[in-house]
Amino acid sequence: MLYYLAKRLLLMIPLLVGITVITFTVIHLAPGEPVEMQVAMNPKVSAEARERLRKFYELDKPLHVQYAKWVSRLVRLDFGRSFAPDGRPVITKIRERLPVTISLNLIVLILEFALAIPIGIMAATHRDGPLDRWTTVFVFLGFATPLFWLSLILMYLFGVKLDWLPISGLHSLGYEAHGFWWRVGDMAKHLVIPLGVATFGSLAGLSRYMRTGMIEVLGQDYIMTARAKGLPERVVIYRHALRNALLPAITILGLSIPALIGGSVIFESIFAIPGMGKLFMDGVMARDYPLVMGVLVIGAVLTLLGNLLADLAYAIADPRIRHGRERAL
Amino acid sequence: MNRCRLVCLVLLVFSLAACNEGKQAVPAGPRLPGIPAYGDALVAGSIGEPSTLLPLLASDSASRDVAGQIYNGLVRYDKNLKLEGDLAEKWEISRDGLTITFHLRKGVTWHDGQPFTSRDVLYTYRVTIDPKTPTAYAENFKQVKRAEAPDPYTFRVTYAKPFAPALESWGVEILPAHLLEGKDVTRSELARQPVGTGPYRFKEWIAGQKLVLESNHDYYEGRPYIDRYVYRIIPDTATMYMELKAGGLDMMGLTPVQYQRQTTTKEFLSRFNKYRYPASAYTYLGYNLRHPLFSDRRVRQAITSAISKDEIIQGVQFGMGQVAHGPYKPGTWAYNPNVRDFTYNPDRARALLAEAGWRDKNDDGILVKDGKPFSFTILTNQGNDQRLKTALIIQQRLKAVGIEVKIRTIEWASFLKNFIDKGDFQAIILGWTIGQDPDLFDVWHSSKTGPRELNFVGYKNAEVDRLIEQGRGTFDQEERRRCYYRIQEILAEDQPYTFLYVPDALPVVSARFRGIEPAPAGIMHNFIRWYVPKGEQVY
Amino acid sequence: MTRRDSYLRDVVWRRFRENRFALAGGMVVLALFVLSILAPFITPYEPNSLDAYHVLLPPSSAHWFGTDEVGRDVFTRMLYGAQISLKVGFVAVGIATLIGTVVGLVSGYYGGWLDSLLMRFVDIMFCFPTFFLILAVIALLEPSIWYIMLIIGLTGWMGVARLVRAEVLSIRERDYVLAARVIGCSDMRIIFRHILPNAVGPVLVYATLGIAGAILTESSLSFLGIGVPPPTPSWGNILASGKEFLEFAWWLFLFPGLAIMVTVLSYYLVGEGIRDAIDPRFSSRR
């Protein structure tokens with residue numbers, strides 16, 4: 001196990017280097033400069049002032065020098081200072097926003113697993129029946145709907161027309177004055193629509209995967225044996241088949257992280273949720289290079305970590321890998 | 001409070017934020033005035049998050065809005081757009097017009113309790129012109145030859161030659177010297193936790209969510225009635241409007257469609273008051289005068305004649321705007337109401353074009369001269385729906401007189417860098433904000449046609465140059481008026497731009513707020529006197 | 001060989017046909033193609049011609065889906081928008097499939113250090129939230145539909161690459177490939193004659209789903225204001241401009257959203273149908 005872990009960690013190093021190279025290249029492909037944004041809106045700015053801003057941001061140095069400087073700082077976890085006029089460290093800005101995005105995405109992941117797995121199993125056990133067909137259409141519908149469209153419709157319906165739910169943000173104004181449970185309830189009300197829509201949109205992948213896995217497992221000999229022994233169907237499915245069908249689903253967990261983080265841009269814009277997606281979008285629009293690069297790197301590293309965790313979980317859960325590696329050691 | 005007071009002309013990037021100047025207004029639902037009372041909060045919506053609360057470093061409207069409540073300048077514009085003392089009680093201009101002496105208000109304190117003195121003003125001046133400060137606001141202060149603070153309540157500036165916009169330029173937010181002096185202003189904590197002298201003090205800023213200000217009980221003009229001013233950051237315009245309707249916002253700027261079509265129900269009007277007045281901005285179609293297509297004045301006159309400005313106002317603004325004939329807002333003192341502009345007249349357009357040698361030789365509907373068809377591209381920046389629609393309408397109208405127009409929208413930064421700065425464009429649709437001071441030097445003087453300067457259309461007219469210089473070199477308003485009246489006549493004849501329209505600002509405020517006095521300066525000028533009667537307070 | 005091929009095709013087609021959902025999806029996809037190509041004959045309006053005095057009209061017999069905020073006919077714009085949205089989907093996926101297939105073939109067939117290098121690159125690309133990458137690049141470039149297709153393509157090839165590689169690995173050591181090698185067939189011939197045809201099925205499935213994804217990505221980009229640049233109609237930007245009128249000009253918001261939903265769903269069902277048809281393990285009736 002230790003050997004496996006060490007190997008996985010070592011393998012991450014070239015990936016990390018690759019991530020920084022791609023990030024840097026992508027950002028520096030673009031024409032235009034952050035200075036333009038700041039200066040352009042104001043006519044009272046002289047050409048000399050622009051040069052001054054360029055120097056200040058070190059944009060006058062050659063690219064490889066900029067890259068080297070950036071990476072050497074990255075190693076020390078220094079993401080540089082934002083190009084935005086407040087000039088705050090990028091890491092501070094990300095730290096402010098990251099928890100919101102991560103916790104919301106975690107909730108979505110949990111909801112997704114809680115719903116998609118039963119749906120997948122149901123589809124598999126009722127294979128080709130109407131239940132299978134209609135759950136298929138249902139989960140695909142979630143995938144196929146433009147989520148911002150659905151969100152705005154629900155927002156209008158429940159927020160404006162029926163006035164049941166708040167429209168946007170995370171809290172009501174003045175929530176600080178209330179007790180803990182009131183605040184939890186308040187936040188839950190704010191999150192019903194965004195989390196619901198996000199979960200609806202994410203069901204397809206996992207539930208289809210579950211269905212396939214389940215069908216495959218149900219065709220295996222040992223299930224036949226279990227059935228032949230006269231075990232009740234419920235026991236066969238949930239005790240024997242599910243265990244094995246669930247295993248591959250763990251890897252899906254790691255794979256779905258980038259999609260979730262990416263999707264947060266839209267949700268955070270619509271629902272005015274102060275997360276990393278919105279931060280990234282603002283950074284991109286303002287050509288805040290250090291911020292954009294910082295978020296890209298952190299987003300990628302998070303995915304890397306997610307994958308690592310998923311693989312480790314898989315290794316722990318699957319005795320073949322666990323034992324195989326230990327013997328090799 | 002008057003966020004436009006500082007910068008003379010600012011390119012309008014997003015015109016969504018409510019502008020604060022204005023003329024007539026449309027009040028609604030009759031509610032009893034009630035008794036002024038302290039308390040409650042005003043929740044305003046903002047598309048963007050402020051970038052920094054050090055106004056010196058900010059150029060976005062969200063930052064400037066918030067900073068306007070926290071800081072004061074030496075002078076400000078009153079509700080009738082006349083300069084009045086703010087932190088300066090009074091001032092004197094020397095007879096030669098070169099020296100201004102400000103007498104500062106005594107007993108004003110910073111939000112942290114320190115007294116406000118001339119040292120703060122001197123510091124603000126020095127840090128602004130410091131080459132190490134990445135600010136966009138140094139230009140006006142560079143005209144200053146000498147600045148001095150002879151005593152704590154006197155501040156004196158001397159100019160090399162008379163400079164009419166000088167007084168206005170001291171409307172810039174004064175920064176606290178005791179917290180900033182000797183420090184790197186770009187790394188200052190004050191960007192997130194500002195300390196000012198204004199009616200509201202900073203309370204908290206939750207990144208990406210909201211920014212809360214609370215009333216300054218020691219404000220020199222008295223404690224504001226509204227206890228808290230909350231800026232909620234709501235990035236999506238559709239969401240913001242729904243928040244307003246659901247009661248989550250008290251104030252925002254409406255789009256013309258929302259004003260005309262979506263906010264006309266009794267229910268809405270009983271809950272909100274809508275206001276309408278001309279914004280301090282205009283939209284124009286500018287021609288690259290160095291380009292052979294547009295070097296002939298008759299061609300430009302023809303294009304203006306082929307465009308119906310009323311149709312554009314109808315189509316783009318739902319009629320919520322006025323036709324622009326020049327670079328000033330109708331009704332202001334520099335605006336010349338008697339300018340003869342080219343009205344919509346396609347026949348005259350065709351005649352002018354024919355006179356300039358453009359004819360439809362092969363009956364394909366496109367005019368030709370020297371074997372080349374009359375075709376050009378209008379550029380505009382991406383993300384501004386109004387400008388794009390304007391371009392579409394112009395495209396359709398010019399086609400009718402035989403001119404083919406292509407439209408390209410380009411992302412803002414590259415628009416400036418690759419097209420405007422290099423003079424690599426044929427025609428553009430952009431907007432300028434109209435400053436309170438009518439000085440036109442930056443946009444129309446021939447010395448400002450260099451790369452990265454604002455006269456990017458390359459307009460050169462010796463008479464206009466002379467008039468601009470004369471206008472900024474005197475404090476005599478009558479003399480200035482004469483200069484600017486003449487300039488407008490020349491511009492109308494030359495048509496270096498086709499001035500299109502001045503849009504209306506359309507703010508909406510919850511009806512529970514009383515004491516709002518629409519004036520030429522808009523509605524925010526007396527914000528500290530707004531109140532909510534006790535029985536109607538919600539927060 | 002050919003007889004086996006045609007037999008397979010028959011079986012696959014029969015299986016696909018029996019899947020009613022897939023068939024319905026296929027019909028929607030086809031109908032959409034026809035409608036978008038015939039757009040100029042179906043509607044008397046131009047997609048970009050404005051009418052400042054007839055804006056935001058509700059649906060009527062003259063304007064089936066009403067008019068938008070500058071007086072353009074929404075139905076017309078949606079027909080022409082279908083062309084654009086489909087174009088984005090097909091070109092983007094074409095690029096992704098091409099790159100992915102080449103990388104997968106090379107990687108799987110030649111193996112060795114080239115394989116590990118390419119696969120590490122795939123791993124790295126998989127780490128980035130794709131939508132972030134797309135956003136970063138699109139927002140920095142000048143707006144153009146070609147960039148959008150290119151970027152969606154360039155960020156979407158990794159799945160195909162892995163798929164093709166796996167397919168190649170499983171086929172490479174089969175008898176008939178070994179036999180071909182023994183009788184001296186060139187690499188190119190082996191790849192194109194023997195390996196590629198076997199990978200077509202899974203790639204086709206992937207591509208169908210990819211088209212659906214690209215249409216959605218374009219609409220998200222348009223929502224953020226950096227999609228297909230106006231005035232060119234795409235479903236995404238019709239929808240994005242309609243969101244401002246959600247409350248009272250519902251036709252501007254409802255129709256394009258439904259169109260995207262139905263189309264993407266159809267592509268998905270078709271993709272799923274093809275998968276079931278070529279992989280009998282999970283198909284309906286064996």
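As annotated in an unreviewed UniProt entry, chain C carries the name ABC transporter permease and comes from Geomobilimonas luticola. UniProt, in the comment section headed Sequence similarities (unreviewed entry), describes chain C in these words: "Belongs to the binding-protein-dependent transport system permease family." Annotation of chain C in UniProt includes, under Subcellular location (unreviewed entry), the sentence "Cell membrane".

Chain A appears in an unreviewed UniProt entry as ABC transporter permease from Geomobilimonas luticola. Check the Sequence similarities (unreviewed entry) section of the UniProt entry for chain A; it says "Belongs to the binding-protein-dependent transport system permease family." Of the comments in the UniProt record for chain A, the one headed Subcellular location (unreviewed entry) reads "Cell membrane".

### Examining the overall build of chain A
Helices and strands together make up the secondary structure of chain A, namely 13 helices and 0 strands. For chain A, the sequential pattern of α-helices and β-strands runs α-α-α-α-α-α-α-α-α-α-α-α-α. For chain A, the proportion of its 329 residues judged to be buried stands at 54%. Summed over all atoms, the accessible surface of chain A reaches about 14400 Å², with 69% contributed by carbon and sulfur.

### Remarks on the UniProt feature "domain: ABC transmembrane type-1" (unreviewed entry) in chain A
UniProt annotation of "domain: ABC transmembrane type-1" (unreviewed entry) refers to residues 98-310 of chain A when read in the numbering used here. Within residues 98-310 of chain A, the helical portion is 82% and the strand portion 0%, while the C-alpha atoms at the span's ends are 20 Å from each other.

### A closer look at the pattern of salt bridges
All names here are of chain B. Applying the stated criterion across every chain yields a total of 41 salt bridges over all chains. The closest approach of N and O atoms between Glu-517 and Lys-79, which form a salt bridge, is 3.1 Å. In this pair, Glu-517 sits in the segment after β22 (507-510) while Lys-79 sits in the loop between β2 (75-77) and β3 (83-85), placing the two residues 438 residues apart along the sequence. Classification of Glu-517 as partly exposed rests on a relative accessible area of 38%. Glu-536 is the partner of Arg-514 in a salt bridge, and the nearest nitrogen-oxygen pair spans 2.5 Å. Of this pair, Arg-514 sits in the segment after β22 while Glu-536 sits in the segment after β22; the two residues are 22 residues apart in sequence, bridging distant segments of the chain. Assessed through its relative accessible area of 7%, Arg-514 is described here as buried. For Glu-536, a relative accessible area of 28% gives the class partly exposed. Salt bridges sharing common partners tie together Arg-76, Glu-84, Asp-86 and Glu-221.

### Comments concerning the nonpolar core
By size, the foremost hydrophobic cluster in this structure holds 186 residues, and its most contacted members are Ile-27, Ile-94, Leu-152 and Phe-280 of chain A together with Leu-56, Leu-135 and Leu-224 of chain C. Here the element with the most residues in this core is helix α12 (residues 250-278) of chain C; it accounts for 15 residues. Beyond its immediate stretch of four places on either side in the chain, Ile-27 of chain A contacts Tyr-289, Val-292, Met-293 and Leu-296 of chain A together with Ala-136 and Leu-140 of chain C. Ranked by size, the runner-up nonpolar core spans 75 residues in total, among them Ala-334, Phe-425, Phe-456 and Phe-499 of chain B.

### Considerations on the environment of Gly-174 of chain A
Residues and elements named next belong to chain A. Within the element layout of this structure, Gly-174 appears in the loop between α7 (147-161) and α8 (180-218). Of the residues examined, Gly-174 reaches a relative accessible area of 26% and is grouped as partly exposed. Distance in space between the C-alpha atoms of Gly-174 and Leu-150 is 29 Å, their sequence separation being 24 residues.

### Some points on the environment of Thr-263 of chain C
Residue and element names in this part refer to chain C. With respect to the helices and strands, Thr-263 occurs in helix α12. Those residues within four positions of Thr-263 in sequence are excluded, and the remaining contacts are Leu-32, Ile-215 and Trp-235. In this structure the side chain of Thr-263 is engaged in a polar contact, spanning 2.6 Å, whose partner is the backbone oxygen of Ala-259.

### Regarding the sheet that holds strand β6 (residues 144-151) of chain B
Residues and elements named next belong to chain B. Sheet architecture is open: 4 strands sit in the order β4-β5-β7-β6, paired in antiparallel fashion. Both edges of this open sheet fall to β4 (88-93) and β6, since each of them pairs with a single strand only. Averaged over all neighbouring strand pairs, the angle between strand axes comes to 15°, with direction disregarded. Here β4 pairs with strand β5 (residues 99-104) via 5 bridges, running antiparallel. Bridge assignment links Trp-91 to a residue of β5, and that residue is Phe-102. With respect to the sheet, helix α2 (residues 118-129) is in contact with β5, β6 and β7 (154-159), its orientation differing from that of β6 by roughly 160°.

### A word on the interface of chain A and chain C
Contacts between the two partners involve 52 residues from chain A and, on the opposite side, 48 residues from chain C. Taking both partners together, chain A and chain C bury about 4700 Å²; carbon and sulfur atoms supply 80% of that area. In terms of surface lost to chain C, no three residues of chain A exceed Arg-133, Phe-148 and Trp-149 of chain A, which account for 14% of the buried area on that side. One can count 1 salt bridge joining chain A with chain C. The closest approach of N and O atoms between Glu-272 of chain C and Arg-208 of chain A, which form a salt bridge, is 2.4 Å. Linking chain A with chain C are 3 residue pairs in polar contact (both at pLDDT 80 or more), by the criterion used here. For the side of chain A that touches chain C, the secondary structure elements donating two or more residues are α1 (2-28), α6 (130-144), α7, α8, α10 (233-270), α11 (276-285) and α12 (289-317) of chain A. Across the side of chain A that touches chain C, the residue classes tally to 35 nonpolar, 10 polar and 7 charged.

### Regarding the UniProt feature "domain: ABC transmembrane type-1" (unreviewed entry) in chain C
Using the residue numbers shown here, the UniProt feature "domain: ABC transmembrane type-1" (unreviewed entry) corresponds to residues 82-271 of chain C. Structurally, residues 82-271 of chain C is divided into 82% helix and 0% strand, and its ends, taken at the C-alpha atoms, are 19 Å apart.

### Focus: the UniProt feature "transmembrane region" (unreviewed entry) in chain A
Residues and elements named next belong to chain A. Mapped onto the present numbering, the UniProt feature "transmembrane region" (unreviewed entry) falls on residues 9-30, 102-125, 137-158, 191-210, 246-271 and 291-317. Between the C-alpha atoms that bound residues 102-125 the distance is 34 Å, and the span itself is 100% helix and 0% strand. Helix and strand shares over residues 291-317 are 100% and 0% respectively, and the end C-alpha atoms of the span are 38 Å apart.

### Some thoughts on the packing of helix α5 (residues 90-125) of chain A against α12 of chain A
Residues and elements named next belong to chain A. At their nearest, the axes of α5 and α12 sit 10 Å apart, and the two run at 45° to each other. It follows that α5 is oblique to α12 by the angle criterion. You can see that α5 and α12 cross each other, and the crossing is right-handed. Contacts between α5 and α12 involve Val-90, Ile-91, Lys-93, Ile-94, Leu-98 and Ile-102 on the former and, on the latter, Pro-290, Leu-291, Gly-294, Val-295, Ile-298 and Leu-302.

### Looking at the pairing of strand β21 (residues 497-505) of chain B
All names here are of chain B. Of all 9 residues in β21, 9 are buried; the element is thus mostly enclosed. Two elements, strand β13 (residues 277-278) and β21, share 2 bridges in a ladder whose sense is antiparallel. In the sheet register, Pro-278 faces β21, and the bridge partner there is Asp-504. Pairing between strand β14 (residues 281-287) and β21: 4 bridges, direction antiparallel. Along β21, the bridge assignment pairs Leu-285 with Thr-498.

### Topic: the packing of helix α6 (residues 130-140) of chain C against helix α10 (residues 187-223) of chain C
All names here are of chain C. Across the interface, α6 lies against α10 with an axial gap of 12 Å and an inter-helix angle of 55°. On the basis of the axis angle, α6 is oblique to α10. For the element pair α6 and α10, the recorded crossing hand is right-handed. In contact with Phe-131, Ile-134, Leu-135 and Ile-138 of α6, α10 contributes Thr-217, Ser-220 and Leu-221. When its residues are assigned to classes, the contact of α6 with α10 shows 5 nonpolar, 2 polar and no charged.

### Observations concerning a nonpolar patch on the surface
Residues and elements named next belong to chain C. A cluster of nonpolar side chains, Val-34, Leu-35, Ile-37, Leu-38, Phe-41 and Ile-42, forms an exposed patch at the surface whose accessible area comes to about 570 Å². Among the elements of the structure, α2 (20-37) and α3 (39-42) are those that each provide at least two residues to the nonpolar patch. Here the nonpolar patch takes 3 residues from α2, the largest share from any one element. Its place among the elements puts Leu-38 in the loop between α2 and α3. A relative accessible area of 38% means that Leu-38 is categorised as partly exposed.

Thresholds, definitions, all that
Within any chain, residue numbers begin from 1 and follow the written order of that chain's sequence. Note on labels: chains are lettered from A, ligands numbered from 1, in written order. Side-chain atom pairs in this predicted model are given and counted only at pLDDT of 80 or more, local residue features only at pLDDT of at least 70, and totals for whole chains, interfaces and linings cover all residues. Hydrogen atoms and water are omitted, and side-chain values are computed over all heavy atoms in the structure. UniProt positions are given in the numbering used here, feature names are shortened, and annotations may be inferred rather than shown by experiment. Numbering goes from the N terminus for both helices and strands, where a helix is a DSSP run of H or I of at least four residues and a strand is a run of E of at least two. Note on classification: 1.4 Å probe, protein chains only; a residue is buried when its accessible area is under 20% of the maximum for its type, exposed when over 50%, partly exposed between these limits. What sets the accessible areas is the Shrake-Rupley method with a 1.4 Å probe; for residues, cover comes only from the shown protein chains. Every case where a carboxyl oxygen of Asp or Glu lies within 4 Å of a side-chain nitrogen of Lys or Arg is listed as a salt bridge. Grouping buried Ala, Val, Leu, Ile, Met, Phe, Trp, Tyr and Cys residues that are joined through side-chain atoms within 4.5 Å yields what is termed a nonpolar core. By definition in these notes, contact holds between two residues if any of their heavy atoms fall within 4.5 Å. For this analysis, a polar contact is any N or O atom pair within 3.5 Å, provided that within protein one partner can donate a hydrogen and the other can accept it, and provided that sequence-adjacent residues contribute only side-chain to side-chain pairs. Here the rule is simple: two strands pair whenever DSSP picks up at least two bridges between them. A fitted line through C-alpha atoms serves as each axis, taken over the contacting stretch for helices, and the angle formed by two N-to-C directions is quoted from 0 to 180°. Once two parts are joined, some of their accessible surface, as seen by a 1.4 Å probe, is lost; buried area is that loss totalled over both. Amino acids are sorted into nonpolar (Ala, Val, Leu, Ile, Met, Phe, Trp, Tyr, Cys and Pro), charged (Asp, Glu, Lys and Arg) and polar (every other residue, Gly among them). To sort the angles, those under 35 degrees are grouped as roughly parallel, those over 145 as roughly antiparallel, those from 65 to 115 as roughly perpendicular, and the leftovers as oblique. By convention, the crossing between two helices is left-handed when the near helix turns anticlockwise from the far helix through less than a right angle, and right-handed when the turn is clockwise. Within this analysis, patches are made of residues with over 30% relative accessible area and no salt bridge. Like charges are joined at 9 Å or less; nonpolar side chains (Val, Leu, Ile, Met, Phe, Trp, Tyr) at 5 Å or less.

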